[in-house]
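Chains, contacts and geometry: an overview
Take a look at the letters that make up each chain.
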Amino acid sequence: MAAEIVNPRTDTSSDSDPDHFPIDPAFALHRGGKMEVSATVPVRDAEDLSLAYTPGVAKICTAIAEQPALVHDYTWKSKVVAVVTDGTAVLGLGDIGPEASLPVMEGKAILFKQFGGVDAVPIALACTDVDEIVETVVRLAPSFGGVNLEDISAPRCFEIERKLQERVDIPVFHDDQHGTAVVTLAALRNAARLTGRALGELRAVISGAGAAGVAIAKILTEAGIGDVAVTDRGGVVHADREDLTSVKRELASYTNRAVLTGSLEEALDGADVFIGVSGGTVSEAAVATMKEGSFIFAMANPTPEIHPEVAHKYAAVVATGRSDFPNQINNVLAFPGIFAGALHVRASRITEGMKLAAAEALAAVVADELSADNIIPSPFDERVAPAVTAAVAAAARAEGVARR
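Residues numbered from 1 in each chain as written. Predicted model: local features only at pLDDT ≥ 70, side-chain atom pairs only at ≥ 80, totals over all residues. Heavy atoms only, no water.

Overview of the overall build of the protein chain
When helices and strands are tallied, the protein chain shows 16 helices and 10 strands. Against the 2.2 N^0.38 benchmark of 22 Å for 404 residues, the protein chain shows a C-alpha radius of gyration of 23 Å, consistent with a compact globule. Taking as baseline every contact in the protein chain between residues at least 6 positions apart, the subset at least 24 positions apart corresponds to 66%. Here the protein chain displays about 19,300 Å² of accessible surface, and carbon together with sulfur accounts for 54% of that area. Measuring between centres, the 34 positive side-chain charges of the protein chain sit 6 Å from its 54 negative side-chain charges. (Helix = DSSP H or I, 4+ residues; strand = E, 2+ residues; numbered from the N terminus. Rg over C-alpha atoms; globule rule 2.2 N^0.38 Å. Contact = heavy atoms within 4.5 Å. Areas by Shrake-Rupley, 256 points an atom, 1.4 Å probe, with all protein chains shown as cover. Lys, Arg positive; Asp, Glu negative; His and termini not counted. Charge placed at Lys NZ, Arg CZ, Asp CG, Glu CD.)

Structure representation (structure tokens):
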């Protein structure tokens, strides 16, 4: 008698077993994983087989060997991204390891496909050493058109991204840094437009000097914000502190023009903008010292640094990282379109100009529909990905990193 084949997606025999997890919609959805590989060509008979595989495939291999650029035309390379993690900074769960990170990486991959039409492959690495990760990804790079680094802890993530981009000629993008930064800038542009202010008039305070905080500070500076101070557990990051890492020393060199010192709460006094990417709680008393008509982007999940009920007492515009409040700062608004645009022109890297273009395009989607509860589009707004894709592709050509 033949053994019964069980489909892991539909088999629920163990769901109520006391030695397994109880019935839960999240477990039911994830059973068997969230993605699969499917063919784009048929293999119905011997003729199809001879074209898709041997001997027909040999012609393609020979052509690519003679003209390497043809790999973009005759394989999936030009439309697929590697989603790479070491599992050291997964969501708010921390260092949970590569296997436990896979559900998130699968989720990232299906978001690439759903919102940008980009195929993506989750790759969870069983190493955390910077050079080992870089070397591993360099060796994998011939199979991919881009690399999305994901959930890698700071400060290693900065060095990994830098070293990897120096070694490969395809885009490398750490979404926890740059995706967050692009969407934050887009939201801030629209908040300023809504209230009749310019970025150059604003002073911002960022809570958190990790991957997202550093990238947000950099893109806001590039975009021309009046001033931005970044805080960590030691207070405001400034050049006279002796406990700064190399990343934070660089950060101090181009932020905090007001030469603030002291705590986050002290920095908020008179500030126009609060951006939270660190968790923790900011007291209402500190929020009350911000300038009238301020903007509060409290993006920690699941608990914002400043709860919207408190924020709305003092701020003209409030945003969070949660989907159950208006103005969600969500990376999915950025990374699918950014990669789609970069892949479309076969860009060798993603530049600061491409990120700024993505932020401007994203902000423009709802520029004619602005309100205090609508400064950023919904992830399900079908205008988002095409707008970001086109802007990024155009910027890549303008900056000389496009290869078609």
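The structure having been displayed, the exposition proceeds.
A word on the layout of surface pockets
In this structure, the second largest pocket spans a volume of roughly 890 Å³. If you trace the second largest pocket, you find 27 residues lining it, with S38, T40, W76, K79 and D119 closest to the centre. Of the residues that constitute the lining of the second largest pocket, the class distribution is 18 nonpolar, 4 polar and 5 charged. (1 Å grid on protein atoms, 1.4 Å probe; cavity = no way out; pocket = protein on both sides within 12 Å on 5 of 7 lines; lining within 4 Å. Points joined across faces, edges and corners; volume = space filled by probe spheres on them. Nonpolar A, V, L, I, M, F, W, Y, C, P; charged D, E, K, R; others polar.)

Considering a nonpolar patch on the surface
A surface patch of nonpolar side chains, about 330 Å² in accessible area, is lined by V43, L49 and Y53. On the secondary structure map, L49 appears in helix α2 (residues 46–52). Looking at L49, the relative accessible area reads 46%, which means it is partly exposed. (Patch = residues over 30% accessible without salt bridge, like charges linked within 9 Å, V, L, I, M, F, W, Y side chains within 5 Å. Salt bridge = Lys/Arg side-chain N within 4 Å of Asp/Glu carboxyl O. Buried < 20%, exposed > 50% of the residue type's maximum accessible area, 1.4 Å probe, protein only.)

Comments concerning the pairing of strand β8 (residues 273–276)
Neither face of β8 is left uncovered, since the one carrying V273 and I275 and the one carrying F274 and G276 both have all their residues buried. In this structure, strand β5 (residues 203–207) lies alongside β8, joined through 4 bridges in parallel fashion. Looking at β8, one finds that S207 is bridged to G276. Taken together, the 4 bridges between β8 and strand β9 (residues 294–298) define a ladder with parallel strand orientation. When the sheet's bridge partners are listed, G276 is paired in β9 with A298. (Pairing = 2+ DSSP bridges.)

Focus: unusual backbone geometry
Cis geometry marks the peptide bond from T54 to P55, where omega comes out at 10 degrees. Tracing the sequence through the fold places P55 in the loop between α2 and α3 (56–66). In this structure, the amide linkage connecting N301 to the following residue, P302, adopts the cis form with an omega of 0 degrees. One non-glycine residue, N256, lies in positive phi territory at about 60 degrees. Relative to the helices and strands, N256 resides in the loop between α10 (246–254) and α11 (264–268). At R346, a residue that is not glycine, the phi angle is positive and equals roughly 55 degrees. Assignment of secondary structure puts R346 in the loop between α14 (335–344) and α15 (352–365).

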